[in-house]
Every structure is written in structure tokens, then in C-alpha cells.
Amino acid sequence: MLRFLRNFKYYAWREVRRGCSAVAPSDRSDVHLVLPTVWPSELTKRIRPLPVPDLIEKFSCDAPGGQFATISEYLRCDPRPDAVLLPDEIDLHRKMSLDDLNSYMHAKDAFKEPQRKNRIFSHVLVVAGADSARSYPFRQRPDFLYLCDCLRPGAALVLTRSRKRRTGALLFLSQDVDSQLSTIYSHMHYVDDVLPLAMLKKSLLWLLRDLSPELWHFYEPSSPVSCIVQEVAHEAMIPMGNPRYILQYTRTVKTPRELRAVRRANASAADSMAEVIAQHYQIPQELAASFDYKCHMRHARPDVTKISCGLDGNGLWQMDAGCQYGGYEGGLARCWPSSGRFTPPQKMIYGALLDMRRDLCSLIQYAGSEGAVRTPLELHAAYLILLARHLRELRVLPKGVGSAAETVEMARRFNCSPVVVSHVGLGKRDTSRRLLDYPFAPGNVVSLRLSISIPDDCCQAYPEFRGILCQLGDTLLIRDDYSVELLTAACPSETQDIEVCLPASRTRSHRVRNDGDQSGPCDTRQLQSHGGDN
């Protein structure tokens, strides 16, 4: 039996050596065997495989479109995903957007002709997607992503509504699309049809001729889609309305599914920053890399353009960071001492920020009952008034000098946050002035960025306050009863809570506790000895 097995191995190995050819002499140790050549099939000739460098560039995360074509595909790695851009949710977003456009036209018509009955309008809305920028991560525009889950660069979405309230959606891509790809992409992006961008002009002319609707598009001179829409409007002799602010206002009111994603994004950012604060770092790059890693571990995507951190000259770490989950943003800002303890001047300035955050949240709660503050711009003005009051208490601003307006203007110089109040949702913070002039409403998610910066050359301030910078940023949700929910509460913001979780503070408290254990028995023995002597 053993002889049979040895013979079988010998003849089998000899057959393998006959079927393969050696590419190196037998006296060398690096002998490689080459398998028989496989002739390319017809399928291989048709698909035209790309070289490896081109494949890496095409399917890299930093390439246009990233690795996936939709946001939903990014969430497949999450065992408990909170997907938002689902077909029924996208239908709701489209309906809300077209309803707001229709309401605007009704209000405009009623202003011009008050005696006329409500007309029935038809609409054609053209939303252009973002174009790819080389060497930069691709980021889809919020208005486009709100209405279509598509991460392909250079795309355009056309939404239609007839006078009988029949809606339709067409997606135009910059690449060539055949009938089979069109069917696949239609189900993937939840549209009626997918066409090449070259057919956009012809399709718009047919829609305008058939429906005679209101044409809506936000014109950008550098966008090829805008140039096509402008040509169509000129040929059809139809005015082109700007839907930018109407769509922005529509996106400020979050649906329950959107709120779950916003909560998830802010919770991921807050938990990640809390863990970053609790660890010891030497350079800002370590903080940014650690925050990036912790967000990825929570299946969130950190916003690299939004992470800013550093150590100032007074020993305070400053960090403003955020991440997104399912396309929805979350972020916060904190400062903490590198030594483990706030100095008394730092604690006083940081305490002023905590008091202002509490007062601003109280003002938002009274916005629904004819309160003094009803819009984000009014909340910004209230913040400057509160800032001036606290700076006077700290003797940074002199008392009784100038009018109230001059005092507020002087207090503005001590605020280093470019945007104090802004709406949060898809994409970056919306900060247009017209949007910030709309009243607060239930379902709004608002970002607050508070800061106090006292320059080194501020002569009226005490020397202990000069050069100190403190910041505090959080994301708030306005509930149905106008109460405020702090979405970033997982990250400590009170001075005591921050000092407890700092590594330097934990080391100091552990050392004090050990010293107390050693001195306790000694003191007891001394008292006992004194009692025995007496």
C-alpha cells in the first residue's frame, strides 16, 4: 500500500511538471512555474478591462462618486442602519418640495389679484447635482440629495407635476446610458427613467410644450445644466423662477426618519469627542486622527473639512468637529485644559458661555408663544446682547460708556464664531440670510456656536483674562411643543464633568487618594498616642 502511494505521487508530480514550463534555469532557487495560457474570451474583449492605476483612481473613496452610487449602499456595513433616503421617504420629500412651490405661487397670485380664485399650477423643477473636482472628495449638493439618492457627478434631476397632480421624475447622467442600464439605474435611484445629459434640452422642451408649467431652477453660470436650462427658457419664452430659498426652507423641517439619522450623527460625534477628551494627546494631528477613527467605528463619516483642533497659548485644547450619518450632519465644539484643571479666569469665561447657552435655549422655548425671539437672526442679536452683559460683569467692557447699540457692537469684536446660529441637516450648515429670517418651527435642527476671545492687547480687561479663548458648540432640536433637546449631550460640557474625564485630572485625584490612604493611619496613630499620654 505504501509503495502504491509513493508511485502515485511520483507519476502525478511528473505529469504536473510536463504540463508546466520553467522560466528560470534549474540551478537557480527562484524557479517559477507558468500555467498554460488561457485565450481571452469574447466577453473579455468586450468589457475592455482597465489598468490597475485607473481602477484605483476610479473606485477610490476620493474619486467622483466614491465607492458607491447611493447613500444607502454606504449603510450596508452597519449592522443596525438608520437609512433615510428610501423610496417612500424620497416621495415625501418631493411632495413637500412641490407643495411649497405651489403654495408660493398661490401666495404670489393672491397678492397680485386678491379677488381671483386659486389657480391650479403645474411645475417643472430642475435640480443640478455637483460636478466632480479632482483631488477633492466628491460631495453631492444637499438640494439634489434631498430629492434623489444619487452620488454620481454631473447629474441633473427633473421633477414634474401636472395640474391633475400627477408627478414624475427623470434623472439625467453625464455618461452614456443604454436601455438595460436605464432600467437598473431607475430602480437604484427611484426615478421614472434615466437618460443621458445630452437629451436634457429636448426633454425639457417637450415638457414645457406639453404642460405649460412654471419652470424652476437655481441658475449658476459655471454649471452646464444651468446653461441648458437657460437656453430652453429662452426658446420657450418662459420665465425661470429661483427655488433655492423655498427648497432650503422645506429641508429645515425634519421628518421622523430624518430625525433618527440626525440623532445618530450627533450622538456619534459627541461620543467620539468625549473619548478624545478622555485621552492624552500631544499634537493636534493625533486628535483629528483619533476623532476620525472613532467616527468610523460608529459607522459615521467624519467631515475632514470641518475638523479643526489645536492647543492655544493658555493651555486650552480647542476642537470643532463633526461627522455625517446617512448624509445628515452632526457636530459640536469644545475646549478643555491640557493640565486637567481650568484656571479661575478660564472657568469664569467658560461659565459665561454655559449661562448664555441656557438663556438662548429658554428664548427658543418661548418662540412659539409670541416670545421676544422668533427667528435665528433675532436669536443671534439676543446672543450679542447677552455677550455684552457678561463682558461687562467680567469688567472686559466698561460700564456706562456709549449707547446700547454701541455696546453690542463692541461686544461683537469678542466673538470669534463666524456663524453663531444655523440650520443643520443634509450637507453643511445652511446660513443664507433669507433662510435665517424664517421663524423657528417644530422639527428644526439648529447649531449654536458660542465663543469668547479676549485679545492680548485688550487694555480694559484684567491681565488674567487677556489671551483666553473659550468656545462651546452644540446641536439643538426643537420639539413639537418648542422645548429644546440637546442632541450632543453625550459629550460633557460642564466644567466639573470635563475635569473629571480628563486624564491629567484622573492622575492627580488618584495621587491625592493614595496620599490620603497613607496619612490616614498615621494620623490615627498620632491621635491614639496623644490620648494615651493624656
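Attention here is on the structure that accompanies the text. Worth saying up front: this structure is predicted, and the values here are computed from it rather than measured.

Ring pairs (aromatic) are described by centroid distance and by the angle formed between their planes. Using the criterion set out here, one finds four aromatic pairs in the structure. Arg301 extends its terminal NZ or CZ atom over the ring of Tyr74, reaching a point 4.5 Å from the ring centre. Cation over ring: Arg434 sits above Tyr245, and NZ or CZ is 4.2 Å from the ring centre.

Strand order in the open sheet formed by six strands is S6-S5-S4-S3-S7-S8, and the pairing between neighbours is mixed. Of all strands in the sheet, those bounded by a partner on one side alone are strand S6 (193-196) and strand S8 (240-241). Two elements, strand S4 (residues 156-161) and strand S5 (residues 167-173), share six bridges in a ladder whose sense is antiparallel. Counterpart to Arg161 in the pairing with S5 is Thr167. Seen against the sheet, helix H7 (residues 179-189) touches S5 and S6 and runs at an angle of roughly 125° to S6.

As defined by bridge partners, strand S10 (residues 308-311) adjoins strand S11 (residues 316-325) across four bridges and the pair is classed as antiparallel. Within the sheet, the bridge partner assigned to Leu311 lies in S11 and is Trp317.

Structurally, Asn266 is set in helix H11 (residues 256-277). Overall, the relative accessible area of 0% leaves Asn266 in the buried class. Along the backbone, Asn266 and Ala489 are 223 residues apart, and their C-alpha atoms lie at a distance of 9.1 Å. Setting aside its immediate chain neighbours within four residues, Asn266 contacts Glu329, Gly330, Gly331, Thr475, Leu487 and Thr488. There is a polar contact of 3.0 Å between the side chain of Asn266 and the side chain of Thr475.

So, on to the packing of helix H14 (residues 376-393) against helix H15 (residues 404-412). At a minimum axis distance of 8 Å, the contact between H14 and H15 shows a crossing angle of 85°. The angle between H14 and H15 falls in the class roughly perpendicular. Only Thr407, Val408, Ala411 and Arg412 of H15 make contact with H14, whose side of the interface consists of Leu384, Ile385, Leu387, Ala388, Leu391 and Arg392. By residue class, the composition of the contact of H14 with H15 is seven nonpolar, one polar and two charged.

Take the pairing of strand S14 (residues 445-453) next. Among the nine residues in S14, eight count as buried, and that is most of the element. Pairing geometry for strand S13 (residues 421-423) and S14, over three bridges, is antiparallel. Paired with Val421 across the two strands is Leu448, which belongs to S14. Note that S14 and strand S15 (residues 469-478) share nine bridges and pair antiparallel. Residue pairing in the sheet places Ile452 in a bridge with Cys470 of S15.

Mapped onto the elements, His217 comes out in the loop between strand S7 (214-216) and helix H9 (224-236). At a separation of 2.8 Å, a polar atom in the side chain of His217 contacts the main-chain carbonyl oxygen of Val126. When neighbours within four sequence positions are excluded, His217 is seen to be in contact with Val126, Ala128, Val225, Ser226, Val229, Met240, Gly241, Asn242 and Pro243.

Our focus in this paragraph is the environment of Gln230. Looking at the secondary structure, you find Gln230 in helix H9. Along the chain, Gln230 and Met240 lie 10 residues apart, while their C-alpha atoms are 7.9 Å from each other. In this structure the side chain of Gln230 is engaged in a polar contact, spanning 3.3 Å, whose partner is the side chain of Tyr219.

Thresholds applied
- Residues numbered from 1 in each chain as written.
- Predicted model: local features only at pLDDT ≥ 70, side-chain atom pairs only at ≥ 80, totals over all residues.
- Heavy atoms only, no water.
- Phe/Tyr/Trp six-rings, centres within 6.5 Å; stacked < 30°, edge-to-face > 60°.
- Lys NZ or Arg CZ within 6 Å of the ring centre and 35° of its normal.
- Pairing = 2+ DSSP bridges.
- Helix = DSSP H or I, 4+ residues; strand = E, 2+ residues; numbered from the N terminus.
- Contact = heavy atoms within 4.5 Å.
- Axes fitted to C-alpha atoms, helices over the stretch in contact; angles between N-to-C directions.
- Buried < 20%, exposed > 50% of the residue type's maximum accessible area, 1.4 Å probe, protein only.
- Polar contact = N/O pair within 3.5 Å; in protein donor to acceptor, adjacent residues only side chain to side chain.
- Parallel < 35°, antiparallel > 145°, perpendicular 65-115°, else oblique.
- Nonpolar A, V, L, I, M, F, W, Y, C, P; charged D, E, K, R; others polar.

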